[in-house]
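# Notes for the structure review
Residue strings, one per chain:
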Amino acid sequence: MRKLKNSELDRLSVDAFKDAKKTPLIIVLDNIRSLNNIGSVFRTSDAFLIEKIYLCGITAKPPHKDIHKTALGSTDTVDWEYAENTLDIVEKLQADNIKVCAIEQAENAIMLNNFKTEANTKYALVFGNEVKGVAQNVVNTSDFVIEIPQFGTKHSLNISVSCGVVTWDLFSKLQL
């Protein structure tokens, strides 16, 4: 088996990405501290044709060299917007008939493997601060709380890993 060269990967141009049909997913970053995590979320969002990213609270915004280092140009492809208050964005999205899913460990959370997507429904995935997680008022307001099942001793994943796991899972389910 031969590894593919970059020239064989059938990559979209920036313009083609902008014109491509997007996956009905939106990412909301709630007070993310690490610029490398932010850049990684941009890359994941580019990989799965995510519609938009909302950067909220203390979450840094492009252009920034540390975001750029991990984003590898995806800040130019993925649509993004900054908002000071995460809860305001959640309520705006819900008013637009978008189902908001906080990704958090919480009472009565739905395990990711048990979460079922609905046809013709757009979802917003809220990922929280590296230490405090998704703000409680955002969890309270969300339509769903989804938890990634974990079986080891830590029960803690890096936010960029969580974003990759959940985004891939919902992307797969939405393709059916």
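Residues numbered from 1 in each chain as written. Predicted model: local features only at pLDDT ≥ 70, side-chain atom pairs only at ≥ 80, totals over all residues. Heavy atoms only, no water.

### A closer look at the overall build of the chain
Summing up its helical and strand segments, the chain has 6 helices and 7 strands in all. Ordering the α and β elements of the chain from the N terminus gives α-β-α-β-α-β-α-β-β-β-α-β-α. A globule of 176 residues ought to have a C-alpha radius of gyration of about 16 Å, and the chain, at 16 Å, matches this closely. A principal-axis box enclosing the C-alpha atoms of the chain has dimensions of 45 × 40 × 35 Å. Within the chain, contacts between residues separated by at least 24 positions form 83% of all contacts whose residues are at least 6 apart in sequence. Total accessible area on the chain stands at roughly 10100 Å², and carbon and sulfur atoms take up 50% of it. Positive and negative side-chain charges in the chain, numbering 20 and 22 respectively, have mean positions lying 7 Å apart. (Helix = DSSP H or I, 4+ residues; strand = E, 2+ residues; numbered from the N terminus. Rg over C-alpha atoms; globule rule 2.2 N^0.38 Å. Contact = heavy atoms within 4.5 Å. Areas by Shrake-Rupley, 256 points an atom, 1.4 Å probe, with all protein chains shown as cover. Lys, Arg positive; Asp, Glu negative; His and termini not counted. Charge placed at Lys NZ, Arg CZ, Asp CG, Glu CD.)

### Points about the environment of A102
Note that A102 resides in strand β4 (residues 99–103). For A102, a relative accessible area of 0% translates into the label buried. Between the C-alpha atoms of A102 and D143, which are 41 residues apart in sequence, the distance is 8.0 Å. The contacts of A102, once residues within four sequence positions are left out, are V126, V134, V139, S142, F144, V145 and I146. (Buried < 20%, exposed > 50% of the residue type's maximum accessible area, 1.4 Å probe, protein only.)

### Remarks on the pairing of strand β6 (residues 123–128)
In terms of residue burial, β6 counts as a mostly covered element, since 6 of its 6 residues are buried. Alternating residues of β6 divide into Y123, L125 and F127 and A124, V126 and G128, and every residue in both groups is buried. Sheet analysis places strand β1 (residues 23–30) next to β6, joined by 6 bridges and oriented parallel. Counterpart to L25 in the pairing with β6 is Y123. The pairing of β4 with β6 spans 4 bridges and is classified as parallel. Of the residues in β6, the one forming a bridge with V100 is A124. (Pairing = 2+ DSSP bridges.)

### Some details on the state of the cysteines
Overall, the coordinates contain 0 disulfides when judged by the stated rule. With no disulfide of its own, C56 has C163 as its nearest cysteine by sulfur position, at a separation of 14 Å. Accessibility expressed as a relative area gives 0% for C56, which makes it buried. C163 carries a free sulfur, and the closest cysteine sulfur to it, the one in C101, is 13 Å from it. (Disulfide = S-S within 2.5 Å.)

### Notes on unusual backbone geometry
Between P62 and P63 the backbone carries a cis peptide bond, its omega angle lying at -5°. Locating P63 in the fold gives a position in the loop between β2 (50–56) and α3 (65–71). The backbone of L72 sits at a positive phi, close to 50°, despite the residue not being glycine. The residue L72 is located in the loop between α3 and β3 (80–83) in this model. With phi around 55°, N120 is a residue other than glycine that occupies positive phi space. Locating N120 in the fold gives a position in the loop between β5 (110–111) and β6.

Functional significance is not addressed by these values, which are geometric in nature.
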